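# An overview of the molecular structure
Chain by chain, the residues run as shown.
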Amino acid sequence: MTKSVNPVSYDAKDIQVLEGLEAVRRRPGMYVGGTDIKALHHLVYEVVDNSIDEALAGVCDQISVIIHPDRSVTVEDNGRGIPVDIHPQRGVPALEVVMTTLHAGGKFGGGSYKVSGGLHGVGLSAVNALSEWFEVEVMREGKIHFQRYERGRPMAPVKVIGKTPDGASGTRQTFKYDETIFSGELDYRFDTLVQRFREMAFVTRGVRIRLVDERDDHEMTFYFEGGITSFVRYLNRNREALHPVVHVEREIDGVTIDAAVQYTDAYAESVYAFANTINTIDGGTHLTGLRMALTRTINDYARRSGLLKDNDANFTGEDTREGLTAIISVKHPDPQFESQTKVKLMNPEVQTYTQQVVNDAFGTFLEENPTAAKAIVQKCLTSARARDAARKARDLVIRKSALESLTLPGKLADCSERDPSKSELFIVEGESAGGSAKQGRDRHFQAILPLRGKILNTERARLDKILANNEVKALISALGTGIGELFSLEGLRYGRVVIMTDADVDGSHIRTLLLTFFFRYMQPLIENGHLYIAQPPLYRIQYRQQVRFAYTEAERELIIKELGVSGDRVNLQRYKGLGEMNPEQLWDTTMDPANRTLLQVSIEDAAAADRTFDMLMGSQVSPRRRFIQTHAKDVRNLDV
Ligand code: 0RA
């Protein structure tokens, strides 16, 4: 490294800062997990996490996130504002320290700063380093302070640019990710952000999170007065509850335990665990604590009340989970996670605390509400009896499907390539789309499996019913892997499995069902990157001899602009389904490896679909219909 010969501008600390930011830019993977679309969303989460921390501290109740058309993002809160007083060691405003020093967060403003996040917790400085530009406005003590950074470096000292309205305070941050670092066709996905902010709003009671998408003028606001009690009601809105939501919130040793529990008449379990507002999809000690407490209190109650007789066995954990909907959300000053990608909370003390808190609250609830308690125990009894029978039936189906997979289904249009690493299977919905796909494909390496209509439109679909479904059986046979415990990648006949459905509500419903199926029965297929979603275009745009395809609304406008004619002189066709495309168009736009875009499905995508599926299934028909209709104009909402 060359020595700095400039005596005025840099001292040792500044050099450290620049080296820190340079390290982030050189190895973004270490700080935000990569340079792909997921990492891009992490930038937003990181910035929002800081505002959520203000909300958790009880000094902020409004957060706005705005996605601008130029792909910059604004995050605004009405918290106390990032401190701007001069930092004693560094001699610059604290704001600048936060923005330029790695992991600066915990080091000032009291040890308790930074509760949310924690998974990535890399701080604003990492986002700053990875942004082409980053502007901060702080409203504090009557003044508006401003600073702009480019690629992590301040362009000028913090400057006062105005007065705040009476008593107002807060922070507004706008940043544009650096396109030299995050490359490729990247853009924010509204639905991905919606999912995250909805959850954050649920587990941070009283905060209002507004998400605005200026790209297509569309916004959503999340505010849940009841916190996770609202969350449980929301999850159960299509189910019959056996009792009101049981809620408890308590702090032990600086750890806040927030739990909400409600049993329903459904079969499935819907339990979600959060640590510092992050959805810990792999669970952890908080989830274990919750489950153990429920099993234990229900067993205790059932014994004491004589509902379980002396020679009856205790309920197992599984018995007490059928029909259970619950949220466990903990806030921990020092969360330990299993690893970067697997989201699992490891702090051992959290299990003890959670168990204690839920034991007390749920035990008391059962004692004081005998009618509800009896209904819950009854449910567990039924579940225990059904479990043996169900397990036997299910094993039979799994074994049978393994046998049946020896014969290929009749409607599979197979390819000639036998090497799985070179072949692809398109799962296509509907007869006409299946026809186009069969004609349009390259039969050397592309196989087509058409599925008929709503493959699994079963209310409260039980696992064995799903597996017995003919369409699903065909799918299992075509893949050659078996399912469940008998799944093996060795038998996989196609290296790429592509779900190709219409861009409408039915299409996204079927996609959700398929993703759920793969998530539950063929997880290794997803984990090993074999599952994809095809991206058919939304529009065909023709002007004289030129034909172009647009995959998003924004792209449609861009193309029309590029063609240099007014919108009404082009011939615009909106594809309502794959079946409307002729075979050549389907090949050109969606199937040809040289032109197409495939979305690789991650395990998080599939888990999210599984949750959506959970919401789609319910015992009452009309609310389910309502869910689908409310989202009908926003198809991408199901496109998790
Ligand atoms: C450190 C200390 C204090 C507030 C913050 C940071 C803070 C950070 C961010 C980031 C986005 N919005 C924010 N709002 C506040 C507390 C300062 C005090 O005691 O007044």
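Residues numbered from 1 in each chain as written. Predicted model: local features only at pLDDT ≥ 70, side-chain atom pairs only at ≥ 80, totals over all residues. Heavy atoms only, no water.

## Here's the deal with the sheet that holds strand 18 (residues 531-534)
- Overall, mixed pairing links the five strands, which are arranged 16-15-17-18-22 in an open sheet. Looking along the sheet, the strands with just one partner apiece sit at the ends: strand 16 (446-451) and strand 22 (598-600). Here the average twist between neighbouring strands, direction ignored, is 30°.
- The pairing of strand 15 (residues 424-429) with strand 16 spans six bridges and is classified as parallel. In the strand pairing of strand 16, E429 is matched with L451.
- Strands strand 15, strand 16 and strand 17 (496-500) of the sheet are contacted by helix 13 (residues 470-479), whose axis makes an angle of about 165° with strand 16. (Pairing = 2+ DSSP bridges. Helix = DSSP H or I, 4+ residues; strand = E, 2+ residues; numbered from the N terminus. Axes fitted to C-alpha atoms, helices over the stretch in contact; angles between N-to-C directions. Contact = heavy atoms within 4.5 Å.)

## Observations concerning the site of the ligand
- Not every one of the 13 residues close to the ligand is listed here, only the nearest: N50, E54, D77, R80 and R140.
- Note that an oxygen atom of the ligand is positioned 3.0 Å from one of the side-chain N or O atoms of R140.
- One of the side-chain N or O atoms of T171 is found 3.5 Å from a nitrogen atom in the ligand.
- For the ligand, the protein covers 87% of the area, taking 460 Å² as the surface of the free molecule.
- Put simply, the parts of the chain that give the shell around the ligand at least two residues each are helix 3 (37-56) and strand 7 (170-177).
- When the residues that make up the shell around the ligand are grouped by side-chain class, the tally is four nonpolar, five polar and four charged. (Near = heavy atom within 4 Å. Polar contact = N/O pair within 3.5 Å; in protein donor to acceptor, adjacent residues only side chain to side chain. Areas by Shrake-Rupley, 256 points an atom, 1.4 Å probe, with all protein chains shown as cover. Nonpolar A, V, L, I, M, F, W, Y, C, P; charged D, E, K, R; others polar.)

## Structural notes on the sheet that holds strand 10 (residues 246-252)
- Here five strands make up an open sheet; going across it, the order is 10-11-14-12-13 and the pairing mixed. Edge strands, defined here as strands with exactly one partner in the open sheet, are strand 10 and strand 13 (278-279).
- Where strand 12 (residues 270-275) lies against strand 13, two bridges are found, and the strand directions are antiparallel. Within strand 13, the residue paired with F274 across the bridge is N279.

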